[in-house]
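# Structural overview for review
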Amino acid sequence: MYEYVQKAKNGLRGGAALLLALFLCAAVPAQAAGETMIAETDHSASARMLVPVGHTVGIKLFARGVLVVKLSDGGTPAQECGLQKGDVIVKCGGVSVTSTEQFQSLLQKNGKEETDLQVRREGKNMTLCVSPEQNEMGTYSIGAWIRDSMAGIGTMTFYDPESGAFGALGHGITDADTALLMPFSAGSILPSTVKAVKKGTVGEAGELRGDFDLSGDIGELYANTNSGIFGTVAASELVEQMGDAIPVADSDQVHPGDATILSNVQGDAVKEYQIEILKVVDHAADGRDLVISVTDPELLALTGGIVQGMSGSPILQDGTFVGAVTHVLLNDPTKGYGIFLENMLEDSSAAA
């Protein structure tokens with residue numbers, strides 16, 4: 001679940017919609033189960049070394065095709081042909097769909113003639129036949145609200161100095177209306193600064209509020225997965241500000257006890273805050289491998305605990321890099337969940 005701020009280009013029937021979204025920490029209405037200790041640890045010489053980041057970045061993501069987020073009421077062409085909320089339209093009349101505007105142009109070119117829509121639904125391809133109708137403004141449309149892109153702010157989790165690769169969020173970017181993973185075509189990251197914080201309270205998730213420059217790409221995305229977004233980052237001021245690489249922990253090395261997170265909750269500064277890992281959950285497979293609690297007085301005073309926007313904040317324990325923050329509990333904003341870094345890296349490798 002995300003807190004969204006929308007700037008939409010909407011048409012009543014077949015209109016395009018562009019969402020400005022905050023790619024933030026998911027809020028979970030569930031109950032939780034019951035200073036990094038820099039110690040001498042016995043790590044394998046082959047342990048992967050990554051830089052924990054914790055800085056917010058602006059994110060732009062463009063969909064593969066256009067996502068159907070809502071169907072207009074009444075007997076519209078979209079409903080009559082069997083189109084459903086959550087479908088991704090990838091072709092119209094045999095032509096690949098690349099944006100909401102281009103899809104509208106294809107409909108105008110086709111006019112009222114029946115045309116094929118190639119649709120992807122729940123991982124399967126199908127073809128639907130639709131006959132557009134003219135709306136009150138004389139525009140041919142089918143009666144579906146569609147989306148082709150999203151933009152917002154999230155937290156970068158790790159950076160690999162050897163390859164230039166990075167991972168962020170710890171969970172995928174999902175559409176606000178359908179709750180489905182946004183189909184990925186391309187994307188980029190941009191510099192970001194936190195301007196304000198809305199503190200979390202019981203029943204209402206807080207959020208980081210920040211700015212980013214849409215014209216200043218510093219990296220490219222190559223995947224949007226259930227374990228996070230991944231890409232490569234160019235040499236930039238952000239890279240220059242990063243610290244040193246540390247060993248990545250195997251999941252069986254992570255244990256209940258003291259830990260820390262790195263987060264950017266004020267301006268441009270990344271700070272280390274104390275947390276406690278309350279429970280390690282085996283085989284969670286949903287970004288909830290760790291149950292965590294914020295114990296740092298400074299962070300509690302600033303944010304009330306975990307807020308949307310901190311998703312992706314690195315979790316450190318015993319001198320190792322163990323995971324990332326993913327969710328906040330709505331009934332207790334001081335607690336939330338985290339994902340093993342090991343799981344993020346598996347998805348990153350599979351998507352590369």
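Residues numbered from 1 in each chain as written. Predicted model: local features only at pLDDT ≥ 70, side-chain atom pairs only at ≥ 80, totals over all residues. Heavy atoms only, no water.

Turning to the overall build of the protein chain, a few remarks are in order. A count of helices and strands for the protein chain gives five helices and 23 strands. Per-residue burial over the protein chain gives 54% buried out of 352 residues. A total accessible area of about 14,900 Å² is found for the protein chain, and carbon and sulfur atoms account for 49% of it. (Helix = DSSP H or I, 4+ residues; strand = E, 2+ residues; numbered from the N terminus. Buried < 20%, exposed > 50% of the residue type's maximum accessible area, 1.4 Å probe, protein only. Areas by Shrake-Rupley, 256 points an atom, 1.4 Å probe, with all protein chains shown as cover.)

Bringing the packing of aromatic side chains into the picture now. Under the counting rule described, the total for this entry stands at one aromatic pair. When the ring of Phe158 is compared with that of Phe230, the centres are 6.4 Å apart and the planes differ by 35°; the resulting orientation is tilted. Taken as a pair, Phe158 in strand 11 (residues 144-159) and Phe230 in strand 16 (residues 228-233) lie far apart in primary sequence, 72 residues in all. Phe230 carries the same exposure label as Phe158, and that label is buried. One cation-aromatic arrangement involves Lys70 over Trp145; the distance from NZ or CZ to the ring centre is 5.3 Å. Between the NZ or CZ atom of Arg288 and the centre of the ring of Tyr337, over which it lies, the distance is 5.5 Å. (Phe/Tyr/Trp six-rings, centres within 6.5 Å; stacked < 30°, edge-to-face > 60°. Lys NZ or Arg CZ within 6 Å of the ring centre and 35° of its normal.)

Once that is clear, we can look at the environment of Thr174. Inspection of the secondary structure puts Thr174 in the loop between strand 12 (165-168) and strand 13 (184-198). Among the residues examined, Thr174 registers a relative accessible area of 17% and is labelled buried. Taking the C-alpha atoms as reference points, Thr174 and Thr225, 51 residues apart in sequence, are found 9.6 Å from one another.

The next point concerns the pairing of strand 5 (residues 88-92). Among the five residues of strand 5, four are classified as buried, and the element is accordingly described as predominantly covered. Pairing between strand 4 (residues 56-71) and strand 5: two bridges, direction antiparallel. If you follow Leu67 over to strand 5, its bridge partner there is Val88. With four bridges connecting them, strand 5 and strand 7 (residues 115-121) associate as antiparallel partners. Bridge assignment links Ile89 to a residue of strand 7, and that residue is Val119. Pairing of strand 5 with strand 6 (residues 95-96) involves two bridges; the strand directions are antiparallel. Note that in strand 6 the partner of Lys91 across the bridge is Ser96. (Pairing = 2+ DSSP bridges.)

So, about the nonpolar core. In this structure, Ile59, Met156, Ile189 and Met242 are the most contacted members of the largest nonpolar core, which totals 28 residues. At the level of secondary structure, the elements contributing two or more residues to this core comprise strand 4, strand 5, strand 11, strand 12, strand 13, strand 16 and helix 3 (237-241). (Core = buried A, V, L, I, M, F, W, Y, C linked by side-chain atoms within 4.5 Å.)

In terms of burial, strand 15 (residues 219-225) is largely enclosed, as five of its seven residues are buried. The sheet contact formed by strand 15 and strand 16 spans six bridges and is antiparallel. Paired with Leu221 across the strands is Gly231, a residue of strand 16. Counting the residues in the hairpin turn of strand 15 and strand 16 gives two residues.

For His283, which is not glycine, the phi dihedral falls at a positive 55°. Take His283: it is sitting in the loop between strand 19 (269-280) and strand 20 (290-294). Residue His283 is classed as exposed on the basis of its relative accessible area of 81%.

The next thing to look at is the confidence of the model for the protein chain. Overall, the predicted model of the protein chain reaches an average pLDDT of 84, with 87% of residues at or above 70. Note that pLDDT drops below 50 for residues 1-45; the model gives that stretch 159 contacts with residues more than four away or on any other chain. (pLDDT = per-residue confidence, 0-100. Contact = heavy atoms within 4.5 Å.)

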